[in-house]
Amino acid sequence: MIKRHEFHKPNRALQLYAAFFMGLLYIPILFIPLFSFSSGLYIRFPIEGWTFQWYAQLFERTAVLRALENSVRVAGSVAVVSTLLGIFAAKALVRYRIPGKGPILGFILLPLVVPPIIFGVALLLMVSTLGIPLSLYTIAAGHIIICLPFAIATLLPRFEGYDAAMEEAAADLGENGWYVFWRVTVPIILPGIVASLLLTFTVSFDEFVMAFFLGGNDLTLPLYVWGQLRIPRAFPVVLALGTLILLFSFALVFLGLKINKRGSIKIMDRE
Amino acid sequence: MTITHSSDGLGTTGARRGTSSLRRLLARFESLRGLALLAPTLVILGITVIVPFLLMSAMSLWTQIGFDYADDWSVRNYTTILSEPLYTTLLLRSLGMAMAATLLTVVLAYPMAYFLAFHVHRNKLVWLIIITLPFWTSYLLRVFAWRVILGYEGVINSGLMEIGLIAEPLNVLLYSRTAVIITLAHAWAAFALLPIYVSLEKIDKSVLEASADLGEGPVMRFFRVILPLSMPGVIAGTFLMFIPTVGDYVTPALVGGPNAQMIGNLVQLQFGTVNNWPMGAALAITMILSITLVGLLFLGLMYALRRWAR
Amino acid sequence: MTIRQMISGVKQGRLSRRAFTRSLLAAGIVPVMSSPFPRRAMASGDGHATVFTWGGFDVPELYQDYIEKHGDVPDFAIFGAPEDGLTRLRSGFVSDLIHPCMGDIPRWRQTGLFQPIDISRLSNWPDVIPSLYEEPHNLEDADGGVWQVPFDWGQTSITYRTDLYDLQGEESWDILWDERYAGRIGMLATGDDAWWCAAIKAGVPFEEIHTDEAFEAIAAVLREQRPLVRTYTDDTSSLNQALAAGEMVAAMTWNSSAVELTFEEVPVRFAQPKEGALTWGCGFMLHAEAPNPDRAYDVLDALISVSAGEFLTGDYGYGHSNARVLELFDDEELAALTLSRDPMDILDAGHRSIPQPPEWSARMNTLYEQIKAGF
């Protein structure tokens, strides 16, 4: 190579565009935290004054705490179940010769692209026909469908990325299956597992559509927020709650993606 | 992907080596062992996806009478959908709005993906994380944020009035198709960006250098090398965004107003106020079929374009 | 702070918006416990009753007696419109109590999802205004009880900005059909309100509302109105903010919007249209398989208590089913709230919807959705 071509050089226009794009992406979201500190009941400029009162009120609302508890329960179990299933499935897809591997993977990843309302109403139809009461369990069932693709997408590259010879060596030393799995496989794919847990937790924690169709009388946080949007005087408190939800989700996802250095991005290759 | 022999899997829970005949069978038929590992996932997806789907297809052929269904197996719901302008218009509108939002997003995301692929050399991962971060988090709140921005007393209106550009708030921002398209584009930006980025990232830099050495200018090079090579990513991004947005109902419900309701709203109503589940099922299935049709048409068009370009 | 102080405060210009907000906050804070993590919030499987109701009825002020007895508010689920709620109940959702209106009772009973309520278990029942529950639909086959315990009553009418809307002549439903204000009219998204109000506007007698001619006439006026409508919504939050901002000059609302906006010193009036308003009474029905029936009775008793009524009337502007609540307000205050000492004065002065079969409801809702979408 004789000279460095211009596609290696910094490009001022593109840098400006990148800044503009990031602005487009983030500024709209930042208005939620901004107005959550505004003392006015309605959202409007100029901001009348600053206050923490909406946050204070938030913690006095038992309904919020109940919804939080429900959301954590659902998201926690969904994260564990979909990650476990994801580990099995990813291992199977990478390590074994299985007929129809492509279609199976496609089927598992399908919920990434099908409008969630379709799964929501289809599941509602089944649950209602079978006479199963709507509850946190039905929400969790719906969330597992949505979270599985994310779990697999996070875990597959982990299994692809390490040498199966390690497992074989351990097995040849006479260790049994579980031992090999726990002492060899798990430590290697651990970042993937942690990332999958964090990401699926967040997806379930923030999911609204499935919860809307499949929810019973126990509300999750997004359902609570939806209900509160109707009430004028609850508005600023919803903004405060939304700010906390956003912060929490951002932290979890950032951690998850950071731990899992590849994964969710690599999976796009498959599409 | 290499398929290696692995001597022990999870399918054989705790059994000692070579004790059960089932185990030996599994060892002999590797694919069976793989399937055993996949089984829980497939069973769960079977119960939560396939069965409900079959049920929904069946119910779409029923009729709602008062509080009951008549399982009279007629295509009445479908003929209603095809003959009543309400359903066809909303379906076409949803496809159109999803297309507009997708186009907007792809056009906006492409330069960003290009920047990431070719001009970011350090901390690439952090960049990618920061871009995808909003996508993972509360959809409801992101839509809601746009209500805050576009509202009559929202950020844009009160901001413009504050600096004296307008005297009266603009009425056209909220409750319009544009509002829905902007909100959708914003909500899905990261999803469409990733595949484009991946396809750009994969382009072999030496191909670019060769093209430059042949004396092609940057514009030429972009259209003759980079754009064609990144098309798979663009197509993937288009699909990933277009399909789910057709069925969205939260965005039109919150920022849409009467002229921007989409087919998803209609489906939701059948399962809510209108209380006609068979009709809702038929609408949902019509939605999937039309998305598939549009998708196939799009792929066909891309294929034709590629042949023509050669 | 009660309506009495509010109204006089606002009248004399003493009560600033800020003071109002502060008083609302105080009202919200007092009844709730101080610990951020109350005992039971983290415990699993608590036995609280579940109340399935409209947004805004999930505030602790309405459940004082229940809170005193059980330490916390019941669980809530929120619907946009009762018909929505019924669909959910029929799809397997179980709540102890649900909040439909009088006209819904016969149709809802048909679903077999409800059980009669034993009034002897309600200590506040003797104070309940009889005319609100003495309906044949509510009493028949109820084993001496009722199917629905009446709770709130009021009107569906028009809230309009007195400063922005130029009223010519008498108040009338024509306000919502005023072409001078195209794009600045708000409508309720629920057919249960909008359809009946449109019937009044179209001059269709409620006895004939099931006929094909009525469907045509009502659909015609709603279609005529659609180009004028800014948005159709159930959510009073959107309507109130739009009215406060002047984005809308008039909207179809319930009493509470006008009262809340008046508290905020927005110049509005709750119209008394010359054709008559739509009047309604709503209440709570008990699920046949209520998981917590004992607690549900405690909720009912709390809801029909004087303290709940004082809040419902004083802060929301709705009528309450407990006769003693009306004694807390003088005639001027009641008139300001467009209420009356005898609920029947108001309910019979307007038009009350007549129970309809599910087929009618399905046809009406389907048609109204079509009209809203522009067809």
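Caption draft 1: Geometry of the overall build of chain C. A tally of helices and strands in chain C yields 16 helices and 12 strands. Out of the 375 residues belonging to chain C, those deemed buried represent 64%. Within chain C, residue pairs in contact and separated by at least 24 positions form 74% of the contacts whose partners lie at least 6 positions apart. Approximately 13,200 Å² of chain C is accessible, and the part contributed by carbon and sulfur atoms is 50%.

Caption draft 2: Main features of the confidence of the model for chain C. Residue and element names in this part refer to chain C. Of the residues in chain C, 88% have a pLDDT of 70 or more, and the chain-wide mean is 86. For residues 6-45, every residue scores under 50 in pLDDT, and the model assigns this stretch 62 contacts once sequence neighbours within four places are set aside. Across the predicted assembly, pTM comes out at 0.86 and ipTM at 0.87.

Caption draft 3: Expanded view of the interface of chain B and chain A. The interface is formed by 105 residues belonging to chain B together with 101 residues belonging to chain A. Regarding the contact of chain B and chain A, the summed buried area is about 9,700 Å², with carbon and sulfur atoms giving 79% of it. The interface formed by chain B and chain A includes zero salt bridges. For the pair chain B and chain A, the number of links is six residue pairs in polar contact (both at pLDDT 80 or more). At 22 residues, the largest contribution of residues to the side of chain B that touches chain A is made by helix α2 (residues 30-59) of chain B.

Caption draft 4: The arrangement of the packing of aromatic side chains in detail. Here the structure, examined in full by the defined rule, presents 52 aromatic pairs over all chains. Ring centres of Phe115 of chain B and Trp127 of chain B lie 5.6 Å apart, and the angle between their planes is 70 degrees; on these two criteria the pair is classed as edge-to-face. In this pair, Phe115 of chain B sits in helix α4 (residues 85-119) while Trp127 of chain B sits in helix α5 (residues 124-136), placing the two residues 12 residues apart along the sequence. Assessed through its relative accessible area of 6%, Phe115 of chain B is described here as buried. Each residue in the set Phe57, Phe151, Trp280, Phe284, Phe311, Tyr316 and Tyr318 of chain C is aromatic and connected to the rest through ring pairs, giving one cluster. The cationic tip of Arg88 of chain C hangs over the ring face of Phe93 of chain C; the distance from NZ or CZ to the ring centre is 5.9 Å. Arg121 of chain C extends its terminal NZ or CZ atom over the ring of Tyr297 of chain C, reaching a point 4.0 Å from the ring centre.

Caption draft 5: Here's a closer look at the pattern of salt bridges. Applying the stated criterion across every chain, the model contains 23 salt bridges over all chains. Across the salt bridge formed by Arg66 of chain A and Asp72 of chain C, the nearest N and O atoms sit 3.0 Å from each other. You can see Arg66 of chain A sitting in helix α3 (residues 62-95) and its partner Asp72 of chain C sitting in the loop between α3 (64-70) and β2 (75-79), one on each of two chains. Looking at Asp72 of chain C, the relative accessible area reads 3%, which means it is buried. For Asp298 of chain C, the salt bridge is made with Lys69 of chain C, and the minimal N-O distance between the two is 3.1 Å. Of the two residues, Asp298 of chain C sits in helix α11 (residues 293-303) while Lys69 of chain C sits in helix α3, which places them 229 residues apart along the sequence. A relative accessible area of 56% places Lys69 of chain C in the exposed class. Here the residues in one salt-bridge network are Arg66 of chain A together with Asp72 and Asp75 of chain C, joined through shared partners.

Caption draft 6: Inspection of the nonpolar core at higher detail. Phe213 of chain A, Leu200 of chain B together with Leu62 and Trp195 of chain C are the most contacted members of the largest nonpolar core, which totals 305 residues. In terms of residue count, α4 of chain B provides more of this core than any other element does, 18 residues in total. Those residues within four positions of Leu62 of chain C in sequence are excluded, and the remaining contacts are Phe57, Phe151, Ala302, Leu303, Ala308, Phe311 and Leu312 of chain C. Of all hydrophobic cores here, the second largest spans 16 residues; its members include Trp153, Phe263, Leu337 and Ile346 of chain C.

Caption draft 7: Inspection of the state of the cysteines at higher detail. All names here are of chain C. For the coordinates displayed, the defined rule picks out one disulfide over all chains. Sulfur-sulfur distance for the disulfide between Cys101 and Cys282 comes to 1.9 Å. Every disulfide takes its handedness from the sign of the S-S torsion; for Cys101 and Cys282 that torsion is 70 degrees, giving right-handed. One end of the pair, Cys101, is in the loop between β3 (97-98) and α5 (105-110); the other, Cys282, is in strand β10 (residues 278-287), with 181 residues separating them in the sequence.

Caption draft 8: Structural view of a negative patch on the surface. A contiguous patch of negative charge, built from Glu207, Glu208, Glu213 and Glu216 of chain C, is present on the exposed surface. One can find Glu207 of chain C in the loop between α7 (191-202) and α8 (212-225).

Caption draft 9: Region of the structure containing the environment of Met279 of chain B. Residue and element names in this part refer to chain B. In this structure, Met279 sits in helix α13 (residues 277-309). Met279 sits in the buried class, given a relative accessible area of 3%. The spatial distance from the C-alpha of Met279 to the C-alpha of Asn77 is 5.7 Å, given a sequence separation of 202 residues.

About the thresholds
Residues numbered from 1 in each chain as written. Chains lettered and ligands numbered in written order. Predicted model: local features only at pLDDT ≥ 70, side-chain atom pairs only at ≥ 80, totals over all residues. Heavy atoms only, no water. Helix = DSSP H or I, 4+ residues; strand = E, 2+ residues; numbered from the N terminus. Buried < 20%, exposed > 50% of the residue type's maximum accessible area, 1.4 Å probe, protein only. Contact = heavy atoms within 4.5 Å. Areas by Shrake-Rupley, 256 points an atom, 1.4 Å probe, with all protein chains shown as cover. pLDDT = per-residue confidence, 0-100. Buried area = accessible area lost by both parts, 1.4 Å probe. Salt bridge = Lys/Arg side-chain N within 4 Å of Asp/Glu carboxyl O. Polar contact = N/O pair within 3.5 Å; in protein donor to acceptor, adjacent residues only side chain to side chain. Phe/Tyr/Trp six-rings, centres within 6.5 Å; stacked < 30°, edge-to-face > 60°. Lys NZ or Arg CZ within 6 Å of the ring centre and 35° of its normal. Core = buried A, V, L, I, M, F, W, Y, C linked by side-chain atoms within 4.5 Å. Disulfide = S-S within 2.5 Å. Patch = residues over 30% accessible without salt bridge, like charges linked within 9 Å, V, L, I, M, F, W, Y side chains within 5 Å. Lys, Arg positive; Asp, Glu negative; His and termini not counted. Charge placed at Lys NZ, Arg CZ, Asp CG, Glu CD.

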